[in-house]
Amino acid sequence: MFKRVIYEDWAAIVPIISFIATAAVFLTATIRALCLPKARCQELADLPLEDPTPRR
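Residues numbered from 1 in each chain as written. Predicted model: local features only at pLDDT ≥ 70, side-chain atom pairs only at ≥ 80, totals over all residues. Heavy atoms only, no water.

Next up on the list: the overall build of the protein. Looking only at helices and strands, one finds 2 helices and 0 strands in the protein. Within the protein, the proportion of its 56 residues that are buried is 0%. Accessible surface computed for the protein: about 6000 Å², of which carbon and sulfur atoms make up 68%. (Helix = DSSP H or I, 4+ residues; strand = E, 2+ residues; numbered from the N terminus. Buried < 20%, exposed > 50% of the residue type's maximum accessible area, 1.4 Å probe, protein only. Areas by Shrake-Rupley, 256 points an atom, 1.4 Å probe, with all protein chains shown as cover.)

Right, here's the structure in full:
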């Protein structure tokens, strides 16, 4: 026999909450990156180029 599928209201809320949480994380990361001082930005940009052993 035909079985009726019951659509729960909370199932529609879960993707919305997930989207808001993801957007909040990316927005927070963007704001933190934009608020960094220039010296700290340059320090982070130079990290892969730094020599791990100190020069003599």
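This brings us to a nonpolar patch on the surface. Where nonpolar side chains cluster on the molecular surface, the patch consists of Ile16, Phe19 and Ile20 and spans about 350 Å² of accessible area. Examined against the element boundaries, Ile16 turns out to sit in helix α1 (residues 10-34). (Patch = residues over 30% accessible without salt bridge, like charges linked within 9 Å, V, L, I, M, F, W, Y side chains within 5 Å. Salt bridge = Lys/Arg side-chain N within 4 Å of Asp/Glu carboxyl O.)

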